[in-house]
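Residue-level listing of the chains:
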Amino acid sequence: MSVASINRPLPLAIVGLSFGKHIIASMRSSQASDYFKLEAVSDLRKNVAEETAAEYGVKAYSSIEEVLEDDSIAVVGLYTQPFGRAKLLREILRAGKDVMTTKPFELDADEAEDILREAQSLGRVIHLNSPCPEPTLDLAQIQTWVEEFDLGRLVGARGEVWAPYLEEADGSWKDDPMLCPGGAMMRLGIYLINDIIRLAGPVEQVNLIGARVRTGRPTPDNALLTISCASGCLASVYASFCVDDGDRYSNGLTLNYERGTIYRNVGPEDSPPKCDYSNLSLVMQRAQSRQIVAKNSFNEYSGIYQWDKLYRAIVKGESISDNYVQKIVEGVKVLEAMRGLTVSA
C-alpha cells in the first residue's frame with residue numbers, strides 16, 4: 001500500500017513503555033508514522049507514562065483499562081511482559097480495538113490459539129513482528145529461489161544470532177526459567193525459530209542445552225536448540241549474549257535443500273551491516289563445480305514490524321488468516337516445550 005493511498009493515520013496507543021519507548025522512537029523515524037498516529041501512552045508506572053506523554057505531546061494513562069475506555073484509540077501497541085499476554089489481548093479485542101504486539105506472542109500454545117481464533121470471530125486484527133503476517137522480502141526471495149531453481153526439499157537449517165549482553169539479576173521475568181525458557185534462546189533465538197517454521201513447517205521435537213558463561217542472571221546466556229520438523233528437516237538455533245565481535249543481531253541462516261544451499265547473513269562480509277539488512281546467496285553445483293548462482297540483499301530483516309500490513313488489514317476489514325494463526329501457534333509450541341526441558345547452568 002503506497003502512502004498516497006492512505007486516507008488518514010489511525011490513532012494508536014502504546015501500552016508498556018519499558019520496550020514501548022523503543023517502538024515509539026522507531027516508528028517516528030520510519031514510514032510507520034504515515035500509517036499510525038500516536039495518541040496515548042500507558043504504563044503501570046504513572047511517572048513513566050506522564051514523562052513519555054509530555055515528551056511526545058500525547059495522553060498519559062496508568063492502566064490498560066483507561067486506554068480501552070478511550071473511544072478515540074483505534075489500535076493498541078501492546079509491549080508488556082510476554083507471559084499472560086492472551087488475557088490482555090482478549091480485553092483489547094473485546095473493546096473493539098486492533099493490536100500490534102511483539103514476540104514472544106505467548107508462552108501457552110492453547111491460550112495463544114484461543115485468542116487468535118477469537119480475533120477471527122470478532123473480525124479484529126492481531127499482528128506481531130515475529131512471525132510477521134507476511135514473509136519478509138528475504139524469506140519471499142528464498143521461497144522464489146526454491147521454485148525457480150528446483151531446489152527440492154529443505155533438509156537442514158542452522159540459525160545463529162548473538163549480541164553482547166552483560167546483565168545482572170533484577171527479579172524480572174528474564175530471571176525466571178519458566179517465563180524466559182532458554183534465556184538467550186527465547187529473547188534472541190525466537191526470530192530464527194519462527195523463520196525456520198515458516199520455511200520448514202510444523203515442529204515435532206525440540207531439545208535444548210544452555211550455559212551461564214558471564215551473565216548475572218540465573219537463566220542461560222548461551223543456548224543451543226535442536227529441532228526436528230514433520231517435513232524431515234533437521235534444524236538448530238544458536239543464541240548467545242556472550243559474543244562481542246560487532247556482528248550482532250545478524251540472524252544468520254544456512255538452508256540446505258536437496259539441490260542447493262542458501263546462505264543468509266553468513267560469513268565475514270561486513271557491508272552492508274547485517275543487523276539492518278538481509279544478504280542472500282544461493283550455491284549450487286553447475287558443470288561439476290560449486291557456483292554462486294544468485295545473490296540479493298534487502299533492507300528488511302527478521303523481526304521487522306509490518307505496520308503497512310497492519311494498516312491495510314484494518315482498513316480493509318481483514319482479520320487474520322488460518323495460515324498466520326498456525327505459524328504463530330507453532331512458534332509458541334516450541335517455547336512451551338522449552339519450558340519443560342532441563343537446561344544446565
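These numbers come from a predicted model, not from an experiment. (Residues numbered from 1 in each chain as written. Predicted model: local features only at pLDDT ≥ 70, side-chain atom pairs only at ≥ 80, totals over all residues. Heavy atoms only, no water.)

## Considering the pairing of strand β9 (residues 222-229)
Across 8 bridges, the pairing between strand β8 (residues 203-211) and β9 is antiparallel. Paired with Ala211 across the two strands is Asn222, which belongs to β9. Pairing analysis gives 7 bridges linking β9 to strand β10 (residues 234-240), with the strands arranged antiparallel. When the sheet's bridge partners are listed, Leu225 is paired in β10 with Val237. Counting the residues that bridge the hairpin from β9 to β10 gives 4 residues, and of these Gly232 lies at a positive phi of roughly 100°. (Pairing = 2+ DSSP bridges. Helix = DSSP H or I, 4+ residues; strand = E, 2+ residues; numbered from the N terminus.)

## Focus on a negative patch on the surface
A grouping of Asp110, Glu111, Asp114 and Glu336 is seen on the molecular surface, where their side chains present a negatively charged patch. Here the negative patch takes 3 residues from helix α6 (residues 109-122), the largest share from any one element. By relative accessible area, which is 57% here, Asp110 ends up exposed. (Patch = residues over 30% accessible without salt bridge, like charges linked within 9 Å, V, L, I, M, F, W, Y side chains within 5 Å. Areas by Shrake-Rupley, 256 points an atom, 1.4 Å probe, with all protein chains shown as cover. Salt bridge = Lys/Arg side-chain N within 4 Å of Asp/Glu carboxyl O. Lys, Arg positive; Asp, Glu negative; His and termini not counted. Charge placed at Lys NZ, Arg CZ, Asp CG, Glu CD. Buried < 20%, exposed > 50% of the residue type's maximum accessible area, 1.4 Å probe, protein only.)

## So, the environment of Ile262
Within the secondary structure layout, Ile262 lies in strand β12 (residues 260-264). Taking the C-alpha atoms as reference, Ile262 lies 35 Å from Gln120; in sequence the two are 142 residues apart. With near-sequence residues (within four places) excluded, Ile262 lies in contact with Ile142, Trp145, Leu151, Leu253, Thr254, Leu255, Tyr257, Ser281 and Leu282. (Contact = heavy atoms within 4.5 Å.)

## Quick notes on the sheet that holds strand β5 (residues 98-101)
Strands pair in a sheet through their backbones, by hydrogen bonds, and they do so in one of two ways: parallel or antiparallel. The strand order across the open sheet built from 6 strands is β3-β2-β1-β4-β5-β6, with neighbouring strands paired in parallel fashion. The open sheet terminates on both sides in strands that have one partner only, identified here as β3 (59-61) and β6 (126-128). Across the sheet, the mean angle separating the axes of adjacent strands is 25° when strand polarity is ignored. As defined by bridge partners, strand β1 (residues 10-15) adjoins strand β2 (residues 36-42) across 6 bridges and the pair is classed as parallel. (Axes fitted to C-alpha atoms, helices over the stretch in contact; angles between N-to-C directions.)

## A closer look at the sheet that holds β10
Here we have 8 strands laid out as an open sheet, ordered β8-β9-β10-β7-β11-β12-β13-β14, and mixed in their pairing. Each edge of the open sheet is held by one strand with a lone partner, namely β8 and β14 (289-298). Looking at each pair of strands side by side, their axes are set apart by 10° on average, direction ignored. Pairing between strand β7 (residues 154-162) and strand β11 (residues 252-257): 6 bridges, direction antiparallel. What sits directly across from Glu160, in β11, is Gly252. Packed on one face of the sheet, helix α10 (residues 322-339) meets β8 and β9 and runs near 45° to β8.

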